[in-house]
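Listed below are the residues making up each chain.
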Amino acid sequence: MHKFVEVGEEISAYDSEKGAPRRAWTLRNVYINPEFVVLMREDQDIEKQIGEGVNVAGLHQAARVTKIALSGAGNAKLWVTVVGSPEELVERFNERFKR
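Residues numbered from 1 in each chain as written. Predicted model: local features only at pLDDT ≥ 70, side-chain atom pairs only at ≥ 80, totals over all residues. Heavy atoms only, no water.

## Brief notes about the overall build of the protein
Item 1. When helices and strands are counted, the protein shows 2 helices and 5 strands.
Item 2. Reading the secondary structure of the protein in the N-to-C direction produces β-β-β-α-β-β-α.
Item 3. C-alpha atoms of the protein, sized along the principal axes, occupy 55 × 35 × 20 Å.
Item 4. Taking all 99 residues of the protein together, the buried fraction comes to 31%.
Item 5. In the form shown here, the protein has an accessible surface area of approximately 6,800 Å², with 48% of it arising from carbon and sulfur atoms.
Item 6. Distance from the positive charge centre (14 side chains) to the negative charge centre (15 side chains) of the protein: 4 Å. (Helix = DSSP H or I, 4+ residues; strand = E, 2+ residues; numbered from the N terminus. Buried < 20%, exposed > 50% of the residue type's maximum accessible area, 1.4 Å probe, protein only. Areas by Shrake-Rupley, 256 points an atom, 1.4 Å probe, with all protein chains shown as cover. Lys, Arg positive; Asp, Glu negative; His and termini not counted. Charge placed at Lys NZ, Arg CZ, Asp CG, Glu CD.)

## Overview of the environment of Phe4
Item 1. Of note, Phe4 is situated in strand S1 (residues 2-15).
Item 2. According to the relative accessible area criterion, Phe4 is buried, its value standing at 2%.
Item 3. Along the sequence, Phe4 and Ala24 sit 20 residues apart, while their C-alpha atoms lie 20 Å from each other.
Item 4. Not counting the four nearest positions on each side in its chain, Phe4 is found in contact with Arg28, Asn29, Val30, Ile32, Val82, Leu89, Arg92 and Phe93. (Contact = heavy atoms within 4.5 Å.)

## Some points on the side chain of Thr66
Item 1. By the secondary structure assignment, Thr66 is in strand S4 (residues 65-71).
Item 2. In this structure the side chain of Thr66 is engaged in a polar contact, spanning 2.5 Å, whose partner is the backbone oxygen of Gly84.
Item 3. Filtering out sequence-adjacent residues up to four positions away, Thr66 remains in contact with Met40, Arg41, Glu42, Asp43, Val80, Thr81, Val82, Gly84, Ser85, Pro86 and Leu89. (Polar contact = N/O pair within 3.5 Å; in protein donor to acceptor, adjacent residues only side chain to side chain.)

## Looking at the pairing of strand S2 (residues 20-32)
Item 1. The sheet contact formed by S1 and S2 spans 12 bridges and is antiparallel. Looking at S2, one finds that Glu9 is bridged to Trp25.
Item 2. Hairpin connection from S1 to S2: 4 residues lie between these consecutive antiparallel strands, with Gly19 at a positive phi of about 70 degrees. (Pairing = 2+ DSSP bridges.)

## Some points on the nonpolar core
Item 1. Membership of the largest hydrophobic core is limited to 9 residues, which are Phe4, Val30, Ile32, Ile68, Leu70, Val80, Val82, Leu89 and Phe93.
Item 2. Put simply, the parts of the chain that give this core at least two residues each are S2, S4, strand S5 (77-83) and helix H2 (86-98).
Item 3. Residues contacting Leu89, with those up to four places away along its chain left out, are Phe4, Met40, Thr66, Ile68, Val82, Val83 and Gly84.
Item 4. Counting residues in hydrophobic clusters, the runner-up holds 8 residues, among them Val7, Val56, Ala63 and Val65. (Core = buried A, V, L, I, M, F, W, Y, C linked by side-chain atoms within 4.5 Å.)

## A word on a nonpolar patch on the surface
Item 1. A contiguous nonpolar patch, built from Val38, Leu39 and Trp79 and spanning about 260 Å² of accessible area, is present on the exposed surface.
Item 2. Look at Trp79 and you get partly exposed, because its relative accessible area is 37%. (Patch = residues over 30% accessible without salt bridge, like charges linked within 9 Å, V, L, I, M, F, W, Y side chains within 5 Å. Salt bridge = Lys/Arg side-chain N within 4 Å of Asp/Glu carboxyl O.)

## Overview of the side chain of Ser85
Item 1. Looking at where Ser85 falls in the secondary structure, it is placed in the loop between S5 and H2.
Item 2. Setting aside its immediate chain neighbours within four residues, Ser85 contacts Arg64 and Thr66.

Below is the structure:
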């Protein structure tokens, strides 16, 4: 298992001025088993929002984030977004096999 920092979205009360729910970004620890990773790619949508000044507590504006698909039961996939580039994540996952 590898520990990463997940970028999570929390939806709160409805904002009638914007016509949409209020959203806040949070950071929390997540543990990922590399045997269940089926795909990784940059999450350009979140990176763009962060670059435009959307506040994600504790995250630098230049931070890179990666969306990871994890295999689940049957054909189901669970998606998580974590701090770090896809290249950095591959390197961390591969550290285990270098030992």
